[in-house]
Amino acid sequence: MARKAPEPVIVRPEDIDPHHDWTRPIMALGQMAVDFEQRVDFRRLHNYRLGRTRQALAQSGLGAILTFDQHNIRYISSTVIGEWARDKLTRYCLLTGNGDPYVWDFGSAARHHRLYAPWLHHDHCRAGLLGLRGAIHPNVGLFRKAAEEIKSILAEEGVAEMPIGVDLVEPPMLFELQRVGLDVRDGQQVMLDAREIKSQDELMLLNTSAAMVDGTYHKIADALKPGVRESQIVALANHDLYEKGSDCVEAINAISGERCSPHPHNFTDRLLRPGDQAFFDIIQSYMGYRTCYYRTFGVGKATVAQRDAYKRAREWIDRAIAMIHPGVRSDHVAECWPKAEEIGFQGEMDAFGLEFAHGLGLGLHERPIISRLNSFTEPTEIKTGMVFALETYCPATDGISAARIEEEVVVTDKGCQVITLYPAQDLPVANEY
């Protein structure tokens, strides 16, 4: 007798309730678990993220979602094995509309999940290995075995005839999924739908992550003296953030002097000099939740041209912040920013990333993405509970200096709240003469 397919999992209202309370501050109470304050509830966080994924999956027309993106795996399963796995494409997670998450991991990590992740079914934590970005040849058969195992689970859970969404994948894995008869669709859009609205617990984690960088900028300001290299500032920031509990310092831009215009998005061994304009971007995460947080400084002193560039960058970002309310469309925000030609570029593709906004969460670039390049073609609605970073850039008239400012905002029921608190209304001059 044929086995009856499982019934679809019902998403409980309490699981997808973000528990927003806009009458109170967005908290960053501390990083320890304590018995005397209600802080981040990680089990509630897991239930919310899984519930949001199930809701998005149910609305997508897909029968299942197969994720290789580390952020999606963490969002669905609340498992992580370190940033070294970020680009390996060998961990994966499966969720069907009728079942609970499966996770395939390095063998010892899968065993660890079975011991320490009781929110996952014991037999759903499995050892797995694919191609390690081609280092293991497809002829070994690991891709084929994995595709057949996935197809078997889909059949058991009654969704093998429905399309399956996949976010990121090595080509041999895609070919094997298709070979076993699966209709593969874009699953990343489903996951970004799920991750769009942050819960109270996510807001606390994002706010705590920003608070860590507030303090790091104070140390950077103290260290900005002639003779210090950009790379030394990067080292200082890495050390400070890991001491504070960061689980990944993904990247730190450190740009100074004649390197400011055009913006190269990296750091070098350049020595800081008196009168340099210098800006930094700190991209790091706490419990997976990221920052993207630019600040600009003068080193010892600042010229009229540098102050003027900073003033214009500040005006552009303040104009955008004032626009942020639930229901506002992203194209209206994009209109606040200068056209590419106004900042010395030939078109919006050339200037992309300089005047824009991007969602923040487990990933650095979530929804919404707001810029003159994409928002007029496909505008999106700003919603309560979104979190994103707004960035502006203005080159100075001296031809080499530039100002870069970035603020992270939480969209509340009435507007937005800035959570990046290192002072930035006026150009800060570090160690002023």
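What counts and what doesn't
- Residues numbered from 1 in each chain as written.
- Predicted model: local features only at pLDDT ≥ 70, side-chain atom pairs only at ≥ 80, totals over all residues.
- Heavy atoms only, no water.
- Helix = DSSP H or I, 4+ residues; strand = E, 2+ residues; numbered from the N terminus.
- Rg over C-alpha atoms; globule rule 2.2 N^0.38 Å.
- Buried < 20%, exposed > 50% of the residue type's maximum accessible area, 1.4 Å probe, protein only.
- Contact = heavy atoms within 4.5 Å.
- Areas by Shrake-Rupley, 256 points an atom, 1.4 Å probe, with all protein chains shown as cover.
- Pairing = 2+ DSSP bridges.
- Patch = residues over 30% accessible without salt bridge, like charges linked within 9 Å, V, L, I, M, F, W, Y side chains within 5 Å.
- Salt bridge = Lys/Arg side-chain N within 4 Å of Asp/Glu carboxyl O.
- Phe/Tyr/Trp six-rings, centres within 6.5 Å; stacked < 30°, edge-to-face > 60°.
- Lys NZ or Arg CZ within 6 Å of the ring centre and 35° of its normal.
- Axes fitted to C-alpha atoms, helices over the stretch in contact; angles between N-to-C directions.

Draft legend 1. Just the overall build of the protein, in detail. Regarding its fold elements, the protein presents 11 helices and 16 strands. A globule of 433 residues ought to have a C-alpha radius of gyration of about 22 Å, and the protein, at 23 Å, matches this closely. Considering only C-alpha atoms, the protein reaches an extent of 85 × 50 × 50 Å along its principal axes. Relative to its full complement of 433 residues, the protein shows a buried share of 54%. In the protein, the proportion of contacts linking residues at least 24 apart, taken out of those at least 6 apart, comes to 69%. Accessible area for the protein stands at about 18,900 Å²; split by element, carbon and sulfur atoms hold 53% of it.

Draft legend 2. Looking closely at the pairing of strand β10 (residues 293–299). The buried fraction of β10 is high, at seven of seven residues. Neither face of β10 is exposed, since Tyr293, Arg295, Phe297 and Val299 on one face and Tyr294, Thr296 and Gly298 on the opposite face are all buried. Here strand β8 (residues 277–286) runs beside β10; their pairing, made up of six bridges, is antiparallel. Bridged to Asp281 within β10 is Tyr294. As defined by bridge partners, β10 adjoins strand β16 (residues 429–430) across two bridges and the pair is classed as parallel.

Draft legend 3. Highlighting a nonpolar patch on the surface. Together, Met349, Phe352 and Leu373 make up a nonpolar patch on the protein surface, roughly 290 Å² of accessible area in all. If you trace the backbone, Met349 turns up in helix α11 (residues 348–351). Judged by its relative accessible area of 61%, Met349 falls in the exposed class.

Draft legend 4. The packing of aromatic side chains, seen in detail. Enumeration according to the criterion identifies 12 aromatic pairs in this entry. A centroid spacing of 4.7 Å and a plane angle of 10 degrees characterise the contact between Tyr92 and Trp104, whose relative ring orientation is stacked. With Tyr92 in strand β2 (residues 92–96) and Trp104 in strand β3 (residues 102–105), this pair connects stretches of sequence that are 12 residues apart. By relative accessible area, which is 1% here, Trp104 ends up buried. Between the aromatic rings of Tyr217 and Phe297, the centroid separation amounts to 6.1 Å while the plane-to-plane angle is 40 degrees, which identifies the pairing as tilted. Highlighted residues: Tyr217 in helix α7 (residues 200–223) and Phe297 in strand β10, separated in sequence by 80 residues. Relative accessible area serves as the criterion here: at 1%, Phe297 is assigned to the buried category. Feature note: the residues Tyr217, Phe280, Tyr293, Phe297 and Tyr422 constitute an aromatic cluster, connected by ring pairs. Cation over ring: Arg43 sits above Trp119, and NZ or CZ is 3.8 Å from the ring centre. The aromatic ring of Tyr294 is capped on one face by Arg404, whose charged end is 4.2 Å from the ring centroid.

Draft legend 5. Geometry of the sheet that holds strand β4 (residues 125–127). Here we have six strands laid out as an open sheet, ordered β4-β3-β2-β1-β5-β6, and mixed in their pairing. In this open sheet, the two edge strands, each paired with only one partner strand, are β4 and β6 (184–186). When the angles between neighbouring strand axes are averaged without regard to direction, this sheet yields 25 degrees. Bridge count between strand β1 (residues 64–67) and strand β5 (residues 164–166): three bridges; the pairing is parallel. Its bridge partner being in β5, Leu66 is matched across the sheet by Val166.

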